Every structure is written in C-alpha cells, then in structure tokens.
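A look at the structure
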Amino acid sequence: MEALQAVRRTSFENAVVEHCRRNGMGSQHDLGGETLLGAVRGVIAHAGRYGLRREGQIIRFIDLAPMIGVWPGTGTLKLWADEILSDQELAPDLRIALLEHRVRGMQSEEGAA
C-alpha cells in the first residue's frame, strides 16, 4: 500500500511541476537555488501543514504561492495569508477562496496604481 501511495505522490508531484512550467513559475520566480521539483515539494508540504490535502486545493495553493510568500525566493509567508490559512473554523476550500479573493484584490489595486 505504501508503494502505491509513493507512486501516486510522485505522479502528482510531476503533474504539478508540469503545471508550474506551463504557468512560467520555474522561470518567472527565482527558486533560490532549488529545483522546480524541490520547490513544488516544499509548497506541497507547506499546504499540508494547513490541512490542504486534496489535489485541487494544493494546485490552487501552489498558484498562489508566489503572491503569498511561500514560493522560494518570494520572502516569508504574509501575515494576512497565515491568518486565513490558520483559521481552522473555515473549510480548506473556503480558505483557498479567501486567499484568491485577497490576491485578486491586491492585483486590481496594483493595476489601478
């Protein structure tokens, strides 16, 4: 059973690496010396600490990672993001939706400036 889980995990990690490549995350952001796979593994582990376990949640979290400070080379986790992610009274999908909403608002403000 563990071998099957390891294969599924590796397959998912590889799919996320390809997702990141398609979205330019390996080239647009400095990885601080890490490989793209290492960066993905680190962000997946970070997501797990906040109870984000489903593949869709993890992919959405990875898409947000550079904006919330969990992607290598982007600094530290933003306080506002940590507050949302740490709120265990909210379902994981709602926490991700709140992060997405906040990031979209920040991007709109930057575009208006």
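Treat the numbers as computed from the prediction; the structure is a model and nothing was measured.

Concerning the overall build of the protein
Counting its regular elements, the protein contains six helices and zero strands. Moving toward the C terminus, one meets the helices and strands of the protein in the order α-α-α-α-α-α. Viewed in the frame of its principal axes, the protein has a C-alpha envelope of about 50 × 35 × 20 Å. Across the 113 residues that make up the protein, the buried fraction comes to 35%. In the protein, the proportion of contacts linking residues at least 24 apart, taken out of those at least 6 apart, comes to 55%. Put simply, the protein shows about 6,800 Å² of open surface, and 53% of that area lies on carbon and sulfur atoms. Separation of charge centres in the protein, based on 13 positive and 15 negative side chains, amounts to 4 Å.

Some points on the packing of helix α1 (residues 2-22) against helix α3 (residues 36-49)
Between α1 and α3, the least distance of the axes is 9 Å, while the angle of their chain directions is 110°. One way to sum up the angle between α1 and α3 is to call them roughly perpendicular. Remark: the crossing between α1 and α3 carries right-handed chirality. Residues Arg9, Phe12, Glu13, Val16, Val17, Cys20 and Arg21 of α1 form the contact with α3, whose participating residues are Leu36, Leu37, Val40, Arg41 and Ile44. Across the contact of α1 with α3, the residue classes tally to eight nonpolar, no polar and four charged.

Quick word on helix α4 (residues 55-68)
Note on helix geometry: an α-helix contains 3.6 residues per turn, so any two residues three or four positions apart are oriented the same way. The terminal C-alpha atoms of α4, which comprises 14 residues, lie 19 Å apart, in line with the 20 Å expected from a rise of 1.5 Å per residue. Of all bends in α4, the biggest is about 30°, found at Ile62, and the proline Pro66 comes one to four residues later. Looking at α4, one finds that the buried residues are Gln57, Ile58, Phe61, Ile62, Leu64, Ala65, Pro66 and Ile68.

Some details on the environment of Asn23
Tracing the sequence through the fold places Asn23 in the loop between α1 and α2 (25-28). Asn23 gets classed as partly exposed once you look at its relative accessible area, which sits at 40%. Through-space distance from the C-alpha of Asn23 to that of Asp63 is 8.6 Å; in sequence the pair is 40 residues apart. Here His19 takes part through its backbone oxygen, which lies 2.9 Å from a polar atom of the side chain of Asn23.

As for the side chain of His46
Inspection of the secondary structure puts His46 in helix α3. Not counting chain neighbours up to four residues away, the residues in contact with His46 comprise Phe61, Val70 and Leu77.

Let's talk about α1
Compared with an ideal rise of 1.5 Å per residue, which puts 21 residues at 30 Å, α1 spans 30 Å between its outermost C-alpha atoms and is within 8% of the ideal. If you check which residues of α1 are buried, you get Phe12, Glu13, Val16, Val17, His19 and Cys20. Looking down the long axis of α1, one finds its buried residues gathered within 160° of arc, a one-sided arrangement. Away from the buried face of α1 by more than 90 degrees, exposed residues Ala3, Leu4, Val7 and Arg22 are located. Among the residues trailing α1, Gly24 stands out with phi positive, at a value near 75°.

Basis of the calculations
All residue numbers refer to positions counted from 1 along the written sequence of the respective chain. In keeping with the model being predicted, local features are shown solely for residues with a pLDDT of at least 70 and side-chain atom pairs are shown and tallied solely at 80 or more, while totals for entire chains, interfaces and linings include all residues. To obtain the side-chain values, all non-hydrogen atoms of the structure were used and water was disregarded. Helix and strand labels come from DSSP, where a helix needs a run of H or I of at least four residues and a strand needs a run of E of at least two; each type is numbered from the N terminus. Relative accessibility thresholds used throughout: buried, under 20% of the residue-type maximum; exposed, over 50%; partly exposed, between the two (1.4 Å probe, protein chains only). Whether two residues are in contact is decided by their heavy atoms: any pair within 4.5 Å suffices. For the accessible areas, the method is Shrake-Rupley and the probe is 1.4 Å, while residue cover comes only from the protein chains on display. The charge count treats Lys and Arg as positive and Asp and Glu as negative. His and the chain ends do not count. The atoms used to mark charge sites are NZ of Lys, CZ of Arg, CG of Asp and CD of Glu. With axes taken as lines fitted to C-alpha atoms, and helix axes fitted only over the stretch in contact, angles between N-to-C directions fall between 0 and 180 degrees. Note on angle classes: values under 35 degrees are labelled roughly parallel, values over 145 roughly antiparallel, values of 65 to 115 roughly perpendicular, and the remainder oblique. In a left-handed crossing the near helix is turned counterclockwise from the far helix by less than a right angle, and in a right-handed crossing that turn is clockwise. Basically, the charged four are Asp, Glu, Lys and Arg, the nonpolar ten are Ala, Val, Leu, Ile, Met, Phe, Trp, Tyr, Cys and Pro, and anything else, Gly included, counts as polar. Helix span, expected: 1.5 Å multiplied by one less than the number of residues in the helix. By definition, a residue's bend is the angle between the axes fitted to the seven residues ending there and the seven starting there. N or O atoms closer than or at 3.5 Å make up a polar contact, with two conditions inside protein: a donor-capable atom paired with an acceptor-capable one, and, for residues adjacent in sequence, both atoms drawn from side chains. When we speak of the arc, we mean the arc of directions from the helix axis to the C-beta atoms.

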